[in-house]
Amino acid sequence: MTDTTEKAAVKTAAGAASTAPSPAPAPRGTRVWRGVTPWLFLIAPLALLITFTYAPVANMLAYSLTDWDGVSPELRYIGAENYAEIFTREDLFRVFFVSGYYLAASAVQIVAALYFATILSFNVRFRNFFKGVLFFPYLINGVAIGFVFLYFFQDGGTLDSVLNLFGVETEHAWLGTPVSANTSLAGVSVWRYLGLNFVLFLGAIQSIPGELYEAAELDGANRWHQFRYIIAPGIKPVLTLTVILSISGSLSVFEVPYIMTGGATGTETFVIQTVNLAFRFGKTGLASAAAVVLLLIILLVTWIQRRLVPDDKVDLV
Amino acid sequence: MNRRHILAMVVGTALLVPACTGTGGSSKGADAEAPTDPSKVSGTIKVLTVRTDLIQDGTLKRYAAEFGKTYPKVKVEFEGLTDYEAEVKIRMNTKNYGDVLLIPAVIKKADYPRFFASLGTQEERGEKYRFTDYTTVDGKVYGQSPNGVSPGFIYNKRIWKEAGITEWPTTPAEFLAGLKAIKARTDAIPYYTNFAAGWTLSGWTSVNGSVHCDPKATDKLAEGDPWAKGADLRVGDTLLHDMVKADLIEKDPTTSNWEESKPRTAKGEIATQWLGTWAIVQFRDAAKKAGVNPDDIGFMPFPAQADGRFCSVIGPDYNQGINVHSPHKAAARAWIDWFTDKSTYAQDNLAISPLKSAPLPEVMKPYEEAGVKFIEVDDAKGAQVKNIDNQSEVGIYAPEYRQNLVDLARGARKGSLDSFFADLSKRWTEAQRTAGS
């Protein structure tokens, strides 16, 4: 809605400009400067973007066509052999099952974030405090989180102690079996990223004009109706974005499992496997190809999703 | 719109071109001659090291000061890298990787002449130093380890005695019986896997050679099947598996903690760990800090005997090499020679000296008394083994396969031990065929 009002403003401004007597064309030098100026401003961000994003990606693409081992000064061009190897070895794809845990976790995460964002967008006591509490984990560095949760899941660690307080005696090794370990790790990931989703939702909800709620209340709508017919459609673009981020995030989980278990006990993800290929077995070429494949898979998933759920304009008014 | 596409393509190709040549071009082969006159050597050299702890407590500075007495014009600077392998590997794509560095495990032996200056021929160095064959390429030596290590079990003598065992077990079965006695008669954890740390499990690969007291054990890895019945690795892995299966390890290995395991072993909460001689000094320090008797920390060889004698394999720690691009090769060489021959580094770490003439350290006394035979495993095929290992993605120097083994033994992974070994054998022997050469 803010979008449409802005556009209208621009339109009227443009209209006003066209009716006004047009000024004499600027001298040549000024015109050149006008053309160049935006590029001058863009130099810094473009240079950073190219150096740190596109150049490494181009490098990776180039390496994925070689048999480079990561150190040796010699590398051979071997064409698409690496890609052929990736697509003929099913063991390389088996690790995607682990992503299922994180995908399920991100569903939980989105629902929880939506719930908290809705509640805290209404007038609740201590709402700023709770906002802080929810967002805080996202500010902590992932490595620190890994270590904190190692202690948390330890035998006799924080989790066991807390459960003890409630009279639950448990001998369960939280990271002991593949199912339990992956669930625990996915739980950590929910704890970590909940805050980000929450803030995105909260921002979207707060951009909905207050009059709508008032009008709805006058019409006798309760909180659920307000959520269903005002909030949910109002934040749909952000919701789609979050879902895309969650899916690509689940496919490329790395930090938490790498630090906590190093991929042991069936917690190896595709990215951990790629890192191991490159840095443990000296197959940098193959690993680069694996990274390219992951990139393509994520692009494909995003594309499919955009086709299934088109991003149409939202207009609440 | 079109113009932008073209621009993007130009930028893209411009990026691809240097990418392909980025690692090309490097000189090959150079010698770092030992200087004859110490007073003439000069320059500032940078020494890369993993021992960040020794930088922090000033120990390395003291060595450098001592070195300065003989070589007054050489200034030595140290740079500690915590994640050594990963960081050095990236730096070695440039010419700037210090003057003296520890040769990282990822560098292929055949590439040594591209990266390091030679210290001399093996013929000449082999007379004086141990471990020369680990860095020999075409008869020339490219590195020297300042100390030697021998794998073995760190154990708490008091606990083992309390369990009624005073003699070192001579077979894996006896060893298991010992651990069971510890479990029955004491409160200690019989064996601590340090599963989470990972490298502690990859250490089990160093049983290679001890089991049959075979100096040619590495050749067997390169040519034979390491998991055939009776082969060294299989014997070691089976022992590890049986310990886990018989529930003689910590309750939750996935959250084990290496740093904590040191004082816990000293205090007798943990009875045994498979590590190496290098760990003795750390465990004794931990004992002192915990206020318990450091002499409780004992060290025993792998439970296997050949001709009635235990066998201990002595191998090098990280080998120090000289950057082939270093402008101060003479100074760098002086440092390596001094650090290896004259410094007290090996003694300070209770380690085995790299000099063939030096006596064994005091901590190895029980070994001498028990008549343990010391061997060095011939590393001529080491590069080939590494190659097969990478090709097969088994990772005998990496933690994964043994983490899987432990998971299998404690029921967190499906399958039988035999099929587990069969799978390893299959991958290894297949890689032998393709990686051959």
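Residues numbered from 1 in each chain as written. Chains lettered and ligands numbered in written order. Predicted model: local features only at pLDDT ≥ 70, side-chain atom pairs only at ≥ 80, totals over all residues.

Things to note about the overall build of chain A
Phase 1 of the analysis: When its secondary structure is counted, chain A shows 14 helices and 0 strands.
Phase 2 of the analysis: Ordered by position from N to C terminus, the α and β elements of chain A give α-α-α-α-α-α-α-α-α-α-α-α-α-α.
Phase 3 of the analysis: Each of the 317 residues in chain A was classed as buried or not, and the buried ones make up 29%.
Phase 4 of the analysis: By sequence separation, contacts in chain A at least 24 residues apart represent 73% of the contacts at least 6 residues apart. (Helix = DSSP H or I, 4+ residues; strand = E, 2+ residues; numbered from the N terminus. Buried ≥ 20, exposed ≤ 12 C-beta atoms within 10 Å, placed from the backbone. Contact = placed C-beta atoms within 7 Å.)

Comments concerning the overall build of chain B
Phase 1 of the analysis: If you tally the helices and strands in chain B, you get 19 helices and 17 strands.
Phase 2 of the analysis: Against the globule reference of 22 Å for 437 residues, chain B gives a C-alpha radius of gyration of 24 Å, in line with a compact fold.
Phase 3 of the analysis: Across its three principal directions, the C-alpha atoms of chain B cover 70 × 65 × 40 Å.
Phase 4 of the analysis: Considering only intrachain contacts with a sequence separation of at least 6, the fraction spanning at least 24 residues in chain B is 76%. (Rg over C-alpha atoms; globule rule 2.2 N^0.38 Å.)

Thoughts on the pairing of strand E16 (residues 320-323) of chain B
All names here are of chain B.
Phase 1 of the analysis: Both strand E3 (residues 100-102) and E16 contribute to a ladder of 3 bridges, which runs antiparallel. Across the sheet, the residue bridging to Leu-102 is Gln-320, located in E16.
Phase 2 of the analysis: Here 2 bridges tie strand E4 (residues 116-117) to E16, and the two strands are oriented antiparallel to one another. Paired with Phe-116 across the strands is Asn-323, a residue of E16. (Pairing = 2+ DSSP bridges.)

Quick look at the sheet that holds strand E6 (residues 136-137) of chain B
Residues and elements named next belong to chain B.
Phase 1 of the analysis: What the 3 strands build is an open sheet, ordered E5-E7-E6; its pairing is antiparallel. If you trace the sheet from one side to the other, it starts and ends with strand E5 (120-121) and E6, each paired once.
Phase 2 of the analysis: Relative to strand E7 (residues 140-141), E5 runs antiparallel, the two sharing 2 bridges. Considered in E7, the bridge of Gly-120 is made with Val-141.

A short note on the nonpolar core
Phase 1 of the analysis: By size, the foremost hydrophobic cluster in this structure holds 72 residues, and its most contacted members are Ile-154, Tyr-191, Met-243, Ala-271 and Phe-283 of chain B.
Phase 2 of the analysis: Looking at this core, the element that brings in the most residues is helix H11 (residues 232-245) of chain B, giving 6 residues.
Phase 3 of the analysis: Residues contacting Met-243 of chain B, with those up to four places away along its chain left out, are Leu-176, Leu-179, Tyr-191, Leu-248 and Ile-249 of chain B.
Phase 4 of the analysis: Counting 40 residues, the second-largest nonpolar core is a separate cluster that includes Val-190, Tyr-193, Phe-201 and Ile-231 of chain A. (Core = buried A, V, L, I, M, F, W, Y, C linked by C-beta atoms within 7 Å.)

Quick notes on the interface of chain B and chain A
Phase 1 of the analysis: Facing 30 residues of chain B, the contacting portion of chain A comprises 30 residues.
Phase 2 of the analysis: Mapped onto the side of chain B that touches chain A, the elements with two or more residues apiece are helix H1 (2-21), helix H4 (84-91) and helix H18 (400-409) of chain B.
Phase 3 of the analysis: At 6 residues, the largest contribution of residues to the side of chain B that touches chain A is made by H1 of chain B.
Phase 4 of the analysis: Looking at the side of chain B that touches chain A, its residues break down into 12 nonpolar, 10 polar and 8 charged. (Nonpolar A, V, L, I, M, F, W, Y, C, P; charged D, E, K, R; others polar.)

Points about the sheet that holds strand E11 (residues 270-276) of chain B
All names here are of chain B.
Phase 1 of the analysis: Spatially, 4 strands are ordered E10-E11-E9-E12 in an open sheet, and the strand pairing comes out mixed. In the strand order of this sheet, the two ends are held by strand E10 (189-191) and strand E12 (297-300), each with one partner. On average, adjacent strands in this sheet sit at an angle of 25° to one another, irrespective of strand direction.
Phase 2 of the analysis: Where strand E9 (residues 151-156) lies against E12, 4 bridges are found, and the strand directions are antiparallel. Within E12, the residue paired with Tyr-155 across the bridge is Gly-298.
Phase 3 of the analysis: Relative to E10, helix H8 (residues 172-185) is tilted by about 170°, and along the sheet it contacts E10 and E11.
Phase 4 of the analysis: Here helix H12 (residues 258-267) sits on the sheet and contacts E9, E11 and E12; the angle it forms with E11, its principal contact strand, is near 125°. (Axes fitted to C-alpha atoms, helices over the stretch in contact; angles between N-to-C directions.)

Describing the environment of Asp-285 of chain B
Phase 1 of the analysis: Relative to the helices and strands, Asp-285 of chain B resides in helix H13 (residues 278-290).
Phase 2 of the analysis: Look at Asp-285 of chain B and you get partly exposed, because 15 C-beta atoms sit within 10 Å.

Structural notes on the environment of Ser-252 of chain A
Phase 1 of the analysis: Its location among the elements puts Ser-252 of chain A in the loop between helix H11 (236-251) and helix H12 (255-260).
Phase 2 of the analysis: Taking the C-alpha atoms as reference points, Ser-252 of chain A and Leu-239 of chain A, 13 residues apart in sequence, are found 20 Å from one another.

Thoughts on the pairing of E9 of chain B
Residue and element names in this part refer to chain B.
Phase 1 of the analysis: In terms of burial, E9 is a largely internal element, 6 of the 6 residues being buried.
Phase 2 of the analysis: Sheet topology note: the E9/E11 ladder contains 5 bridges and is antiparallel. Following the sheet pairing, Ile-154 is matched in E11 by Gln-273.

Focus: the packing of helix H5 (residues 127-139) of chain A against helix H8 (residues 178-206) of chain A
How two helices sit against one another is set out by the angle between their axes and by the gap between those axes.
All names here are of chain A.
Phase 1 of the analysis: Viewed as axis vectors pointing N to C, H5 and H8 meet at an angle of 120°, and their least axial separation amounts to 7 Å. Judged by the angle between their axes, H5 and H8 are oblique. In the crossing of H5 with H8, the sense of the turn from one axis to the other is left-handed. From H5, Leu-134, Phe-135, Phe-136, Pro-137 and Tyr-138 reach across to H8, where they touch Trp-191, Arg-192, Tyr-193, Leu-194, Gly-195, Leu-196, Phe-198 and Val-199.
Phase 2 of the analysis: When the residues that make up the contact of H5 with H8 are grouped by side-chain class, the tally is 11 nonpolar, 1 polar and 1 charged. (Parallel < 35°, antiparallel > 145°, perpendicular 65-115°, else oblique. Left-handed = near helix turned anticlockwise from the far one by under 90°.)

Topic: the confidence of the model for chain B
All names here are of chain B.
Phase 1 of the analysis: Residue-level pLDDT values for chain B average 88, and 93% of them are 70 or greater.
Phase 2 of the analysis: Low pLDDT, under 50, characterises residues 6-27; the predicted model gives this stretch 18 contacts beyond four residues in sequence or across chains.
Phase 3 of the analysis: Scored by ipTM, the complex comes to 0.74, with pTM at 0.80. (pLDDT = per-residue confidence, 0-100.)

Observations regarding the packing of H8 of chain B against H11 of chain B
All names here are of chain B.
Phase 1 of the analysis: Axis separation between H8 and H11 bottoms out at 11 Å; the angle between their running directions is 25°. Between H8 and H11, the interaxial angle falls into the category roughly parallel. Considering only the axes of H8 and H11, their crossing is right-handed. Contact residues: Pro-172, Phe-175, Leu-176 and Leu-179 in H8; Val-235, Leu-239, Asp-242 and Met-243 in H11.

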